[in-house]
Amino acid sequence: MAQGCLKCLKYTMCVANFLCFVCGVAVLSLGVYLMVTFKIASLTPSLASLNIPSMLLISGIIITCVSFLGFLGALKENRCLLLTFFLVLFILMLVELTAACLMLIYEDKIAEVVAEDLRKGLDRARNQTSDPASKSDWDVVQQMFECCGVHNYTDWRNNIPRSCCKNGCSLEKPVYFPQGCLFKLKEWFEDNFLNTGISVILLCIVEVLAMCFAMTLFCHISRSGLGYKL
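Residues numbered from 1 in each chain as written. Predicted model: local features only at pLDDT ≥ 70, side-chain atom pairs only at ≥ 80, totals over all residues. Heavy atoms only, no water.

A. View of the overall build of the protein. The secondary structure content of the protein amounts to 7 helices and 0 strands. Sequence-ordered secondary structure for the protein, helices as α and strands as β, is α-α-α-α-α-α-α. The buried share among the 230 residues of the protein stands at 28%. Partitioning the intrachain contacts of the protein with sequence separation of at least 6 by distance along the chain shows that 70% fall at a separation of at least 24. Accessible surface, the protein as shown: approximately 14300 Å² in total, 69% of it carbon and sulfur. (Helix = DSSP H or I, 4+ residues; strand = E, 2+ residues; numbered from the N terminus. Buried < 20%, exposed > 50% of the residue type's maximum accessible area, 1.4 Å probe, protein only. Contact = heavy atoms within 4.5 Å. Areas by Shrake-Rupley, 256 points an atom, 1.4 Å probe, with all protein chains shown as cover.)

B. Spatial organisation of the pattern of salt bridges. One pass over the full model with this rule turns up 2 salt bridges. Ionic pairing is found between K10 and E77, a salt bridge with its closest N-O pair at 3.1 Å. With K10 in helix α1 (residues 2–37) and E77 in the loop between α2 (52–76) and α3 (79–105), the pair connects residues that are 67 residues apart, well separated along the chain. Summarising the burial analysis for this pair, K10 and E77 share the class buried. Notably, a salt bridge pairs E116 with R119, separated by 2.9 Å at the nearest N-O pair. You can see E116 and its partner R119 sitting in helix α4 (residues 107–127), 3 residues apart, about one turn around the helix. Residue R119 is classed as partly exposed on the basis of its relative accessible area of 31%. (Salt bridge = Lys/Arg side-chain N within 4 Å of Asp/Glu carboxyl O.)

C. Expanded view of the state of the cysteines. With the rule as written, the count across this model stands at 2 disulfides. The disulfide partner of C147 is C181, and the S-S distance across this bridge is 2.1 Å. Across the S-S bond of C147 and C181 the torsion is about 85°, and the bridge reads as right-handed. Placement of the pair is C147 in the loop between α5 (132–145) and α6 (181–191) and C181 in helix α6, with a sequence separation of 34 residues. Here the two residues C147 and C181 agree in accessibility, since each one is buried. Here C204 stays free of any disulfide, with the sulfur of C101 as its closest cysteine sulfur at 9.9 Å. (Disulfide = S-S within 2.5 Å.)

D. View of the environment of L118. Residue position: L118 is located in helix α4. Between the alpha carbons of L118 and G149 there is a distance of 8.9 Å; along the sequence they are 31 residues apart.

E. Structural view of a negative patch on the surface. A cluster of acidic residues, E107, D108, E112, E187, E190 and D191, forms a negative patch at the surface. Those elements that provide at least two residues to the negative patch are α4 and α6. With respect to the element layout, D108 can be found in helix α4. D108 sits in the exposed class, given a relative accessible area of 61%. (Patch = residues over 30% accessible without salt bridge, like charges linked within 9 Å, V, L, I, M, F, W, Y side chains within 5 Å. Lys, Arg positive; Asp, Glu negative; His and termini not counted. Charge placed at Lys NZ, Arg CZ, Asp CG, Glu CD.)

F. Spatial organisation of the confidence of the model for the protein. Residue-level pLDDT values for the protein average 80, and 83% of them are 70 or greater. Of all the helices and strands in the protein, α5 carries the lowest mean pLDDT, 73, while α3 carries the highest, 86. (pLDDT = per-residue confidence, 0-100.)

G. How the structure looks around unusual backbone geometry. For E77, which is not glycine, the phi dihedral falls at a positive 50°. Non-glycine residue R157 carries a positive phi angle of around 55°. By secondary structure assignment, the location of R157 is in the loop between α5 and α6. Accessibility expressed as a relative area gives 59% for R157, which makes it exposed.

H. Quick peek at the packing of aromatic side chains. In the structure shown here, the tally under the stated rule is 5 aromatic pairs. Note on F21 and F68: the rings are 6.4 Å apart at their centroids and 45° apart in plane angle, and the pair reads as tilted. Here F68 lies in helix α2 and F21 lies in helix α1, a separation of 47 residues in the sequence. Centroid distance W138 to W156: 5.9 Å. Interplanar angle 85°. Geometry classified as edge-to-face. Remark: W156 occurs in the loop between α5 and α6 and W138 occurs in helix α5; sequence separation between them is 18 residues. With respect to class, W138 is no different from W156; both count as buried. Aromatic ring contacts, followed pair by pair, group F145, W188 and F189 into a single cluster. (Phe/Tyr/Trp six-rings, centres within 6.5 Å; stacked < 30°, edge-to-face > 60°.)

Written out as structure tokens, the structure reads:
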């Protein structure tokens, strides 16, 4: 009976980690694709390394490596790999919870830093007319969120792009989007705050379950004396 439970737990871990591995590869591929095709680094020059494609790329690498570690540890019934898998998941969960708490505590400070960096990015896009990529990044965001500039269209001064127009700038006196992109981005994050919180909680639950499975399998293998079988 105990041996049957051990096998069931082992193959459950293998299947779960294999699915996580596939998801990790998908996230990694999406990150690479976005880095190549959707460059928005000019929006926030100082925070260019913290853009969405980079975070997806890093997340994909972490998910792929950790799930492969868990899959191999369960398949080979190796205590060293299972213990490493448990410790890595525990550290990741601590980092995630710490990051979430810091974001809640320093929410206003983070908003100020992002706003200042958006202003720098807009100034660079407005003054560097020879660099089409700068404006194209702003065009994408302004069309997507129906906004103009950081606070409003006056941020662009006399160099307002066509993406700010509600009607495609076809009239003599074009009508611009009244709200700035900073307000729209804040609104978008607030609208998705509940979904983000639920996702973080579910992720922590999955990590706790994975740690429980890994430690249970580790203890069963220790009792059977097959701890370092390769």
